[in-house]
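Here is how the chains run, residue by residue.
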Amino acid sequence: MRLSHADPRKLVISPLNMHHDEPAPDVSDIIGSVRQHGVLETLLVRETFQDGVLVPEHFEVVAGRRRCFAAQAVAGEGIDIDPVPIGILEAGDDAAALEISLIENMARLPPNEVACWETFVKLIREGRTPQDLAATFGKTEVVIHRVLALGNLLPRIRKLYRKEAIDVATVRQLTLASKSQQKDWLKLYDDPGQREPRGASLKAWLFGGEAIPTSLALFALDDYPGAIIADLFGEEAYFTDAALFWTHQNQAVAAKAEALRAEGWSDVEVLEVGQMFHGYQHVATSKAKGGKAFIAVSRRGEVTVHEGWLTAKEARRAEAAERAATRGDGKEGSAASGEAPKAERSEVTANQQAYIDLHRRAAVRAVLTDHLDVALRLLVAHAVAGSRYWRVETDPLGAGSQMAADSLKTGPGETIFAAKQSQVLRLLGLTAAGDVVGRGHAGGAAAVFARLLSLTDAEVLAVAAVVIGETLAAGSAEVEAAGTYLQVDMGDFWRPDESFFDGIKDRETVNAMLREVGGKKVADGNVSEKVRTQKGILRDFLAGTNDRPKVERWTPRWLTFPAQAYTRRPFATAQRSKAVAPLLRRVRPPQDEAGAPGDRRARGGRAPDPRGGSGGRRGLRRRVARRLVEPAFRPPRSRGGFSFGPLAGRDGAGRGPVRGVNPGLALPFPCRAKAPAPRGAGDGEPPSSGFQTRAKTSSSS
C-alpha cells in the first residue's frame with residue numbers, strides 16, 4: 001500500500017465498498033469537523049481504470065465512504081479543503097479490498113488533532129519515531145509532522161483550538177510563531193478593543209513588514225550605527241534599516257556560537273533563518289554526554305538558543321557507545337548498535353572537493369614536467385606500490401608449466417636477477433625476500449616516493465629496472481624488442497638441461513639441431529632415426545661423450561635474439577621477433593649538443609662519450625639540468641662515486657644543487673658501462689655502484 005493525498009472531487013465509491021449501492025449517507029455529524037479541520041483519517045482507495053487504461057489522480061474509495069461524501073459536500077460549498085489522505089491498495093486483490101472495507105472502523109485515532117498530538121507525544125517519549133507513527137496509524141509523514149508541530153504552541157492556544165475557538169488555518173500559522181509572538185497574539189485575542197489577525201492576515205502579521213523591534217537584538221544597541229525609532233510612549237523601539245540590523249545580528253550570532261563552543265559544548269549548530277527547532281526530533285543530552293547547542297533565528301530576527309540536545313540517531317549512537325564502554329568490549333557505539341558508522345560531515349561539498357583536487361593536481365603535474373628526477377621517482381613509486389589508476393602485477397614464473405619453472409630456479413638469469421632484487425629491497429628498506437612489485441607499503445605509493453627521494457639516480461634506475469623485470473611478460477613482444485636491441489647473448493644465461501630435451505618431440509626439429517652441432521653428414525645419416533635417438537646424439541655432442549667432439553656454448557635458434565624457427569611451421573617467438581625488427585630498424589641514435597649521433601656500441605645501451613663530451617647520458621644530464629629551475633630536494637651524499645655539484649637553474653640564479661642523470665650510470669641490465677672499446681673487445685669493468693651485471697660482447701655485434 002502506498003500513502004498519498006487526493007482531491008476529494010476526483011473520488012468515487014468503489015463497487016467493492018460494502019455500502020456501494022446504498023443511498024448517500026447522513027454526514028451531518030462529521031461535516032462540521034471536516035469543514036473546520038478537513039479529513040483526518042486515511043481513506044483506502046484503488047486506482048481507477050477505464051477501458052484498461054489508468055486514469056491519473058482518480059481513485060475508487062474502498063473504505064471511508066462517509067468521509068468521502070463529507071469532503072465532497074464541503075468542497076461543493078466553495079470551501080477550499082485540503083487534499084484528503086489516501087492509502088492506495090494494490091490492484092487485482094478484490095478479497096483484500098473487501099476485508100479492509102469490513103474492518104475500517106475497528107481502530108480509530110482520537111477525533112481531533114490536539115488529542116492526536118497528546119497521543120503521539122506519549123509514544124515518542126516511549127521511543128517511537130515519526131516514521132514509526134506513520135507506519136502504525138496509516139498516515140503520511142506530512143500528517144504526522146503537522147500534528148507534532150502543535151507542540152510548538154503555548155498550552156492556552158492548544159486549549160482554544162480544542163474548544164474550536166481557533167480555526168485550523170490560524171492554528172497552523174501559529175505553529176510557525178515564536179513563543180513571544182504567540183504571547184503577543186494572545187494579548188490581541190484578550191483585548192476586546194482589538195481584532196487579532198487570523199488565517200492569511202496572521203501570516204502577514206508574523207512575517208511581513210520591515211519593522212524589527214530592538215528587543216530582538218542580540219548585540220548592544222550602543223554599538224549600532226543605524227537609526228532607531230520609538231513609539232509615543234517609548235515602550236518599544238524599532239530598527240529602521242533591516243539590512244543593517246541583519247548584518248549586526250549575524251555577527252552577534254557568530255560570536256554567540258563561538259562562546260558556546262568555548263563553554264565546552266561538543267558542537268554548536270546555527271540553523272537557517274526561519275528553520276524551526278523541533279524538540280520532538282531531538283533528545284535532551286547533557287554537555288558531559290556530548291550534547292550540542294542549536295541556535296534558531298526567526299525570520300524577524302529573534303534568536304533562541306537550545307542547549308543540551310542531540311538528534312534521535314545521535315542519541316542512540318551515544319547510548320550504545322556508553323554501554324559498550326561500560327562493558328569494556330572496546331566496540332564503537334555505532335557498531336554495537338548495529339548501525340553503520342556515519343562519517344563526519346565535511347566542510348566542503350563533493351563538487352567543491354573535486355574542484356580543489358583537480359586544480360591541485362593540475363599545478364603539481366605542470367611543475368613535475370620541469371623536475372624530471374622527481375617525476376621519475378614518482379613514476380617508480382606508482383609502479384612499486386600501485387595507486388588508484390595503477391595496477392601493476394608480476395609475471396608468474398613458469399605459469400602453466402612446472403617443467404619451465406623448475407628449469408628457471410637453477411638458471412643463471414634468475415640467480416642474477418634475484419641478487420638485484422635483494423639489493424633493491426634493501427634500498428627501499430624492505431628486508432623480506434620476494435618481489436618488489438605488489439609489496440604492501442605503509443603509506444602506499446607516497447611512502448615509496450618519499451623513500452626514493454633519498455636515493456641517487458643510479459639507485460632509482462636500479463629499482464626501476466627490477467620493477468620492469470618483475471612485470472615483463474614472458475612471451476611478449478616487449479621481451480623480443482628489449483633482447484634484440486640489447487643483443488642479449490643467451491650463452492651467458494642458459495645451458496641445455498633435461499627439461500629442454502624432454503620438451504623436444506618433433507623429429508624434423510631435432511634433426512635440424514643435430515645439423516647445427518654435428519654437421520650435415522651426421523644429421524643426414526640419422527634423419528630417419530627416432531627422436532629419442534637423435535636427441536641422444538645431440539647430447540653427446542654437447543657433453544663431448546661417446547667420442548663426439550664437444551660443442552661449447554651452443555644456443556638453439558629458439559633462444560637467440562632475434563629468435564628463428566627450424567621448420568616452416570609457425571613458431572610464435574620467431575613471429576614476434578620478426579614483428580619488432582622493423583620498429584628497431586627505425587630507431588635513430590640520440591643526438592648530442594653538437595648534432596652528432598651518440599655512441600651506442602655498448603650492447604647494453606648508450607655508453608658515455610669516452611672523450612668527455614656531451615653525447616649520450618652526459619648530454620642527457622646537461623639537458624635535464626637546464627630544465628630544472630628549483631629542485632624539490634638536495635641530493636644525498638655520494639654513493640659509489642656518483643654525485644653532482646650545484647648547477648644553475650633555468651633562470652641562471654643557481655638556487656641550489658640539482659641532481660641530474662649520472663654520466664657514468666650503471667644500468668641494471670646486461671651491458672658494458674665503461675668507455676666503449678673497439679668491436680670484439682673484452683668485457684668492461686663494472687662500476688662501483690653495484691648494479692652492473694656481466695655480459696659478453698657478441699662476436700656478431
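Residues numbered from 1 in each chain as written. Predicted model: local features only at pLDDT ≥ 70, side-chain atom pairs only at ≥ 80, totals over all residues. Heavy atoms only, no water.

Chemist: An account of the overall build of the protein chain is requested, with residue identities and associated values reported.
Modeler: Along its length, the protein chain carries 26 helices and 12 strands. Per-residue burial over the protein chain gives 37% buried out of 701 residues. Approximately 39,700 Å² of the protein chain is accessible, and the part contributed by carbon and sulfur atoms is 53%. (Helix = DSSP H or I, 4+ residues; strand = E, 2+ residues; numbered from the N terminus. Buried < 20%, exposed > 50% of the residue type's maximum accessible area, 1.4 Å probe, protein only. Areas by Shrake-Rupley, 256 points an atom, 1.4 Å probe, with all protein chains shown as cover.)

Chemist: Residue-level account of the sheet that holds strand β5 (residues 84-88), with values.
Modeler: On the basis of which strands lie adjacent, the open sheet formed by five strands has the order β1-β5-β3-β4-β2 and mixed pairing. Two strands close off the open sheet at either side, each with one partner strand: β1 (2-6) and β2 (11-13). The sheet shows a mean angle of 50 degrees between the axes of neighbouring strands, direction not considered. Pairing geometry for β1 and β5, over five bridges, is antiparallel. Looking across to β5, one finds that Ser4 is bridged to Ile86. In this fold helix α2 (residues 65-76) packs onto β2, β3 (43-50), β4 (53-63) and β5, with an angle of close to 135 degrees to the strand it touches most, β2. (Pairing = 2+ DSSP bridges. Axes fitted to C-alpha atoms, helices over the stretch in contact; angles between N-to-C directions. Contact = heavy atoms within 4.5 Å.)

Chemist: An account of the environment of Val268 is needed here, citing residue identities and associated values.
Modeler: Tracing the chain through its elements places Val268 in strand β9 (residues 268-270). A relative accessible area of 5% places Val268 in the buried class. Taking the C-alpha atoms as reference, Val268 lies 5.8 Å from Lys292; in sequence the two are 24 residues apart. If sequence neighbours within four positions are ignored, Val268 has contacts with Ala257, Leu260, Arg261, Ala293 and Ile295.

Chemist: Outline the pairing of β3, listing residues and values.
Modeler: Strand direction decides the pairing type here: β3 and β5, joined by three bridges, are parallel. Of the residues in β5, the one forming a bridge with Leu43 is Ile86. One ladder, built from six bridges, connects β3 with β4; its direction is antiparallel. Pairing of Val45 across the sheet is with Val61, part of β4. Between the end of β3 and the start of β4, which pair antiparallel, lie two residues, with Asp51 showing a positive phi angle near 55 degrees.

Chemist: Run through the pairing of β5, naming residues and quoting values.
Modeler: With five of its five residues buried, β5 lies for the most part within the structure. Covered by surrounding structure in β5 are Val84, Ile86 and Ile88 together with Pro85 and Gly87, the residues of both alternating faces.

Chemist: So what's going on with the packing of aromatic side chains? Which residues, and what values?
Modeler: Using the criterion set out here, one finds 16 aromatic pairs in the structure. Three or more aromatic residues link up through ring pairs in this structure, and these residues are Trp494, Phe500, Phe501, Trp554, Trp558, Tyr566 and Phe571. (Phe/Tyr/Trp six-rings, centres within 6.5 Å; stacked < 30°, edge-to-face > 60°.)

Coordinates in, geometry out; function isn't part of it.
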